[in-house]
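Reading the structure
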Amino acid sequence: MDYHAENFRRRTRYTFVFILLAAAFVIITILNINTGNVHIPVERIFEIIFTKTGSKDELNIIWKIRLPRILMAAILGGALSLSGFLLQTFFENPIAGPFVLGISSGAKMVVALVMIYFIGHFGKASSYTLIIAAFVGSLMSTAFILACSRVVKQMAGLLVAGIMIGYICSAVTELVITFAEDQDIVNLHGWSQGSFSGMNWGNVYIALVVVGITVVMTFMLSKPISAFQLGEAYAQSMGVNVKVFRVALILLSSILSATVTAFAGPISFVGIAVPFLMKRAMNTSRPLVIIPSTFLGGAVFCMMCDLIARMAFAPTELNISTVTSIFGAPVVIFMLVKRQKSR
């Protein structure tokens, strides 16, 4: 009887949190579309979205500017959060994340170099080219971190190594930008600070395909992740090929963080804060629950931060990392304090 009661409470909790996340997603989507230099009433928003009728200006504002931007914020925010969850599973530490470990900075550096080369020679760089470049940069940084992990056994030392590689990559990127003041790449500096502005439907479709496939593959690893969370030895006893599994985790995490960096630049703290908050909200680490909740939570978090970035000092727009740092950094500090107290 106690087991059934506990199971009911657990399922009720999951349902409640998912309903809250879904409601927040809808509300923030409407707010993002509703607010801006041109105010559009809520009833007009629904009319334009579902019937595509209205003035040409309102149709263009919603369908060509605001909807692509908010959808990209949702897709990339979910991808970044899920990337953080996979890295935390790999390193068996909740403070591991693509930004802190320097993975986003590595992706940023290679993308900046590729953007300058392709724009200088061909006039533009395709989305797939940027994703591949970011993926290569992510793997370079990850390879460095893995090499350090063979020597540095403590996570604190590994985090310091990640921060250092992040600084090095950022310095190279800034150096490249400094000597690349060409009118064709005037937006490169803004991109390097992180932003969801300038998104279009082509970006949305590509990101949706890449992230969607990666999320499905992550779901397929739910059972191995669940076993791995109980220890490497237990995972091996359950028939998990740990070496292949760890490679899969790194590749999937790199693809997710690379997609985010390619389209929006580096975004800080989302990959650490959101998985932690979702585990606390759900009171579980079960992958089948945490994977969708982390993705949805990351989407809501980035959509909210993008709204604040646009409207806090309008018409001046803040970099998205500025806002995510304000909300994400205190969560990371809380995690560090909590871990220290629990020892």
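Please refer to the structure placed before this passage.
Summary of the structure given here.

What counts and what doesn't
Residues numbered from 1 in each chain as written. Predicted model: local features only at pLDDT ≥ 70, side-chain atom pairs only at ≥ 80, totals over all residues. Heavy atoms only, no water. Phe/Tyr/Trp six-rings, centres within 6.5 Å; stacked < 30°, edge-to-face > 60°. Buried < 20%, exposed > 50% of the residue type's maximum accessible area, 1.4 Å probe, protein only. Lys NZ or Arg CZ within 6 Å of the ring centre and 35° of its normal. Helix = DSSP H or I, 4+ residues; strand = E, 2+ residues; numbered from the N terminus. Expected span 1.5 Å × (residues − 1). Axes fitted to C-alpha atoms, helices over the stretch in contact; angles between N-to-C directions. Parallel < 35°, antiparallel > 145°, perpendicular 65-115°, else oblique. Left-handed = near helix turned anticlockwise from the far one by under 90°. Contact = heavy atoms within 4.5 Å. Nonpolar A, V, L, I, M, F, W, Y, C, P; charged D, E, K, R; others polar.

Bringing the packing of aromatic side chains into the picture now. Evaluated as defined, the whole model comprises 5 aromatic pairs. Considering the side-chain rings of Phe90 and Phe91, the 4.9 Å spacing of their centres and the 75° angle between planes classify their relative orientation as edge-to-face. Assigned by exposure class, Phe90 and Phe91 land together as buried. Through successive ring pairs, a cluster of aromatic residues spans Trp63, Trp201 and Tyr205. A cation over a ring is seen here: Arg246 above Phe90, with NZ or CZ 4.3 Å from the ring centre.

Here helix α13 (residues 287-311) spans 35 Å end to end across 25 residues, near enough to the 36 Å set by a 1.5 Å rise per residue. With 18 of 25 residues buried, α13 is to be regarded as a mostly interior element.

The description of two helices packed together rests on the angle between their axes and the distance between the axes. Running from amino to carboxyl end, helix α8 (residues 201-220) crosses α13 at an angle of 160°, the nearest separation of the two axes being 10 Å. Considered as vectors, α8 and α13 are oriented roughly antiparallel to each other. The chirality of how α8 crosses α13 is right-handed. Between α8 and α13, the contacting residues are Val211, Val215, Thr218 and Phe219 on the first element and Leu288, Ile291, Pro292 and Phe295 on the second. Along the lines of polarity and charge, the residues of the contact of α8 with α13 split into 7 nonpolar, 1 polar and no charged.

Turning next to the environment of Met115. By the element assignment, Met115 lies in helix α4 (residues 103-122). When the C-alpha atoms of Met115 and Leu139 are compared, they prove to be 18 Å apart, with 24 residues separating the residues in sequence.

As a further point, take unusual backbone geometry. Residue Phe269 is not a glycine yet carries a positive backbone phi of 70°. Following the sequence through the fold, Phe269 ends up in the loop between α11 (242-264) and α12 (270-282). Even without glycine at this site, Asn283 takes up a positive phi of about 60°. Assignment of secondary structure puts Asn283 in the loop between α12 and α13.

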